[in-house]
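Understanding the architecture of this molecule
Here is what each chain is made of, one letter per residue.
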Amino acid sequence: EAGVVQSPRYKIIEKKQPVAFWCNPISGHNTLYWYRQNLGQGPELLIRYENEEAVDDSQLPKDRFSAERLKGVDSTLKIQPAELGDSAVYLCASSLSGTKQYFGPGTRLTVL
Amino acid sequence: DQQVKQNSPSLSVQEGRISILNCDYTNSMFDYFLWYKKYPAEGPTFLISISSIKDKNEDGRFTVFLNKSAKHLSLHIVPSQPGDSAVYFCAAKGNTGTASKLTFGTGTRLQVTL
C-alpha cells in the first residue's frame, strides 16, 4: 500500500516569493493534517481536514498561509509571501481513526 | 508552553543493551500517547501507542510504560540494535479542546553503538 506522498521534497525560494506544497494521503483516509517542523522541534499542527472540511485551522497563520483539500483527497498548502522564518519541514499526515497518523516524507523549505 | 517534554535531547546506548527514552506531559486531558521514530529525510513513523486505561503496552522489542500520577511515560527498547538509531518523538492527545490535536515533544536522538 502506498504511503503519504508529498512533493516537492525540497524547495528553495527567496523571501516574498510564493510557494506551494502538495500532499496525496493514503487511500481511504478521510483525515488529513499539515504540520510544520522547525529545526530541533517536534511537528506542530497547522491545519486538520475531515474530508473537505477544515475542522481545526487555529494554528494556521492566515495572513500568508492558505490550504485546500478539494474533493476530500489531495491537499495543497500555500505560503504567499514567504518569510525567512517560514524555513522548516512541512509534513503531511493522514489517518483513518484519528489516532494513529501516517506521515509523508515532508517538504524541506528554505527561504533565502 | 511545552505540554509534552522530552528532556534528553540525545542518548547513546551500546548494541544489545536496553534503551530507555523518557517523556513528561503537563496536560491532564491527554489520554492517548504515541511514540514515533524518525530517520533523516523521512517523515515520522508510528512505533507504539498506549491508552490511559493501561500502564504498559508491549510490541516485540518495544515497550511503553505509562505512569499517570506522575504524568510520565517511557519507551524501552531491548535489545537495542544499530537500526534503532533515529530520533524518537513522544506525542499525546486527548478528546476535547486543545488536547484533541496531537502534541509532540522535541525528540530524543538515540544512537546505538556497536
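Let me begin by describing the structure that accompanies this report. (Residues numbered from 1 in each chain as written. Chains lettered and ligands numbered in written order. Predicted model: local features only at pLDDT ≥ 70, side-chain atom pairs only at ≥ 80, totals over all residues. Heavy atoms only, no water.)

Glancing now at the overall build of chain B. Secondary structure assignment for chain B yields 0 helices and 11 strands. Its helices and strands taken in sequence order, chain B reads β-β-β-β-β-β-β-β-β-β-β from the N to the C terminus. Once the C-alpha set of chain B is aligned to its principal axes, its extents read approximately 45 × 30 × 20 Å. The buried share among the 114 residues of chain B stands at 47%. A separation threshold of at least 6 residues defines the contact pool for chain B, and within that pool the share at least 24 residues apart is 55%. Here chain B displays about 5,500 Å² of accessible surface, and carbon together with sulfur accounts for 49% of that area. Treating the 12 positive side-chain charges of chain B as one cloud and the 9 negative ones as another, the clouds have centres 3 Å apart. (Helix = DSSP H or I, 4+ residues; strand = E, 2+ residues; numbered from the N terminus. Buried < 20%, exposed > 50% of the residue type's maximum accessible area, 1.4 Å probe, protein only. Contact = heavy atoms within 4.5 Å. Areas by Shrake-Rupley, 256 points an atom, 1.4 Å probe, with all protein chains shown as cover. Lys, Arg positive; Asp, Glu negative; His and termini not counted. Charge placed at Lys NZ, Arg CZ, Asp CG, Glu CD.)

Attention now goes to the pairing of strand β8 (residues 75-79) of chain A. All names here are of chain A. Counting buried positions along β8 yields 4 of 5 residues, so the element is predominantly enclosed. As defined by bridge partners, strand β3 (residues 19-24) adjoins β8 across 5 bridges and the pair is classed as antiparallel. Residue pairing in the sheet places Phe21 in a bridge with Leu77 of β8. In sequence, strand β7 (residues 65-68) turns back onto β8 through a hairpin of 6 residues, with Lys71 there showing a positive phi of about 65°. (Pairing = 2+ DSSP bridges.)

Now for the state of the cysteines. In this structure the tally under the stated criterion is 2 disulfides over all chains. One disulfide bridge connects Cys23 of chain A with Cys92 of chain A, the sulfur atoms lying 1.9 Å from each other. A torsion of -70° about the S-S bond marks the disulfide between Cys23 of chain A and Cys92 of chain A as left-handed. Of this pair, Cys23 of chain A sits in strand β3 while Cys92 of chain A sits in strand β9 (residues 88-95), and the two are 69 residues apart along the sequence. You can call Cys23 of chain A buried: its relative accessible area is 0%. Between the sulfur atoms of Cys23 of chain B and its disulfide partner Cys90 of chain B the distance amounts to 2.0 Å. Taking the sign of the S-S torsion, about -75° here, the bridge from Cys23 of chain B to Cys90 of chain B comes out left-handed. Here Cys23 of chain B is found in strand β3 (residues 19-25), whereas its partner Cys90 of chain B is found in strand β9 (residues 86-93), with 67 residues between them in sequence. Like Cys23 of chain B, the residue Cys90 of chain B is buried in the burial classification. (Disulfide = S-S within 2.5 Å.)

Residues and elements named next belong to chain A. By the bridge criterion, 3 bridges tie strand β5 (residues 44-50) to strand β6 (residues 53-56) in an arrangement that is antiparallel. Of the residues in β6, the one forming a bridge with Glu50 is Glu53. Counting the residues in the hairpin turn of β5 and β6 gives 2 residues, including Asn51, whose phi is positive at 55°.

A few words on the interface of chain A and chain B. The interface is formed by 19 residues belonging to chain A together with 16 residues belonging to chain B. Carbon and sulfur atoms supply 59% of the area buried between chain A and chain B, which totals about 1,400 Å² over both sides. For the pair chain A and chain B, the number of links is 0 salt bridges. In this structure, the connection of chain A to chain B is made through 3 residue pairs in polar contact (both at pLDDT 80 or more). (Buried area = accessible area lost by both parts, 1.4 Å probe. Salt bridge = Lys/Arg side-chain N within 4 Å of Asp/Glu carboxyl O. Polar contact = N/O pair within 3.5 Å; in protein donor to acceptor, adjacent residues only side chain to side chain.)

With respect to the secondary-structure elements, Ile13 of chain A resides in strand β2 (residues 10-13). Not counting residues within four places of it along the chain, the set of residues in contact with Ile13 of chain A comprises Pro18, Val19, Ala82, Leu109, Thr110, Val111 and Leu112 of chain A.

Attention now moves to the sheet that holds β7 of chain A. Residue and element names in this part refer to chain A. One open sheet holds the 4 strands; their spatial order is β1-β3-β8-β7, and the pairing between them is antiparallel. The open sheet has two edge strands, β1 (5-7) and β7, and neither has a second partner. Across the sheet, the axes of successive neighbouring strands diverge by a mean angle of 15°, strand direction being ignored. (Axes fitted to C-alpha atoms, helices over the stretch in contact; angles between N-to-C directions.)

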